[in-house]
Amino acid sequence: LIIERPEEQRFRAGHYAFLTLPAVSRHEQHPFTISSEPGDSFLSFHIRAVGDWTNALLDKVEHVAKQGIAFVDFPYGSASESIFDHETAVFVGAGIGVTPAASILQHVVRRVRGDVGCRNAATCGCSCACCRFRLKRLHFVWVTRSTDSFDWFSALLRELETISDVLTVHTYVTGSKLMADKGNVASALIRLGIDAVSSQTGKNVLTGQTDGALSTVFARPDFAKLFARWKREHRGERIGVFYCGPHGLANVLHKNCERWSDATASKEDGSTVFVFEKEIF
């Protein structure tokens, strides 16, 4: 859903808004994360049809567009907006919980390219992400049940290849038949086909990205191994770990933050601290 953005209204990557669409319901208001970037002239929302209101929106989308009326109450802050206060950060998105990452990643791309991204940068001096940006390294982990989800942000995934010196991207597909045990012949043949196409074209057959730039694994993430690697790579740092998604995975990440954290972060002895922030839906 794309809505024209009021010229004077500012927000930070990771913020959310409350939407009221009279064509769907005159009195219902629902919160959605803003997936567009603070420098865009519009507001975009990636909405998954999983309930009565969102399914009604899907059924009446043409009527919504024809009526052209939307009430947007924003911006509202979230845990993920402080990601730019860290020099090193991890963002884990599960399913549609990836939407805050869309805005954050777009902003990172623009910053790395030298585009401030804030339309009011000359005068704002405010809390916009462009005015407070310390991020030097971001590890992005996307956990999804289906490869169909890659279509949501295919253009963004292509852009991420251009800033691989700042960003690492790992996608995990957990609902695919390719997750079947190694003894499954059908799964093995599909894997061989994917590997063959990738080796000949140099492209990830599922995401369309340069093979190796963004890895796709048909399994659940082994967060113990990931945290161990991040701790080795960023010794002596205070690493922000941000999560958006269902509650279960939040517990896993919280426990790993506690397990792999030292008492304090210190460059002198290489001790590292993981700081956990979450958004649950």
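Okay, so let's go over this structure.

About the thresholds
Residues numbered from 1 in each chain as written. Predicted model: local features only at pLDDT ≥ 70, side-chain atom pairs only at ≥ 80, totals over all residues. Heavy atoms only, no water. Helix = DSSP H or I, 4+ residues; strand = E, 2+ residues; numbered from the N terminus. Buried < 20%, exposed > 50% of the residue type's maximum accessible area, 1.4 Å probe, protein only. Contact = heavy atoms within 4.5 Å. Areas by Shrake-Rupley, 256 points an atom, 1.4 Å probe, with all protein chains shown as cover. 1 Å grid on protein atoms, 1.4 Å probe; cavity = no way out; pocket = protein on both sides within 12 Å on 5 of 7 lines; lining within 4 Å. Points joined across faces, edges and corners; volume = space filled by probe spheres on them. Nonpolar A, V, L, I, M, F, W, Y, C, P; charged D, E, K, R; others polar. Pairing = 2+ DSSP bridges. Axes fitted to C-alpha atoms, helices over the stretch in contact; angles between N-to-C directions. Core = buried A, V, L, I, M, F, W, Y, C linked by side-chain atoms within 4.5 Å.

## Here we look at the overall build of the protein
And then number 1: Along the backbone of the protein there are 7 helices and 11 strands.
And then number 2: By the burial criterion, 48% of the 281 residues in the protein qualify as buried.
And then number 3: Nonlocal contacts in the protein, meaning residues at least 24 apart in sequence, comprise 74% of its contacts between residues at least 6 apart.
And then number 4: For the protein, the accessible area works out to roughly 14200 Å², and carbon and sulfur atoms hold 50% of it.

## Considerations on empty space enclosed by the protein
And then number 1: A complete count under the given rule lists 2 cavities of 30 Å³ or more for this structure.
And then number 2: Roughly 50 Å³ of internal volume is contained in the largest cavity.
And then number 3: Surrounding the largest cavity, Val98, Ala101, Ala102, Leu105, Phe140, Trp142, Phe153, Leu156, Leu157 and Leu160 form its lining.
And then number 4: Elements with a minimum of two residues in the lining of the largest cavity: α3 (99-112), β7 (137-144) and α4 (154-160).
And then number 5: Residues belonging to the lining of the largest cavity are distributed by class as follows: 10 nonpolar, no polar and no charged.

## Some details on the pairing of strand β2 (residues 16-20)
And then number 1: Two elements, β2 and strand β3 (residues 30-33), share 4 bridges in a ladder whose sense is antiparallel. In the strand pairing of β3, leucine 19 is matched with histidine 30.
And then number 2: Relative to strand β5 (residues 71-76), β2 runs antiparallel, the two being bridged by 4 bridges. Across the sheet, threonine 20 pairs through a bridge with phenylalanine 71, a residue of β5.

## Topic: the sheet that holds β3
And then number 1: Taken together, the 3 strands give an open sheet; going across it, the order is β3-β2-β5, and neighbouring strands pair in antiparallel fashion. Of all the strands in the sheet, just β3 and β5 have a single pairing partner and so form its edges. Averaged over all pairs of adjacent strands, the angle between their axes in this sheet comes to 30 degrees, without regard to strand direction.

## Comments concerning the nonpolar core
Soluble globular proteins: nonpolar side chains tend toward being buried together.
And then number 1: Judged by nonpolar contacts, the single largest core of 29 residues is most densely connected at Phe91, Leu138 and Phe140.
And then number 2: The set of elements that each furnish at least two residues to this core consists of β6 (88-94), α3, β7, α4, β8 (167-173) and β10 (238-245).
And then number 3: At 6 residues, α3 tops the list of elements feeding residues into this core.
And then number 4: Residue contacts for phenylalanine 91: discarding those within four places in its chain leaves Ser80, Ile83, Gly97, Pro100, Ala101, Ile104, Leu138, His139, Phe140, Val141, Phe242 and Cys244.
And then number 5: One finds Val141, Tyr243, Trp260 and Phe276 within the second-largest nonpolar core, a separate group that totals 21 residues.

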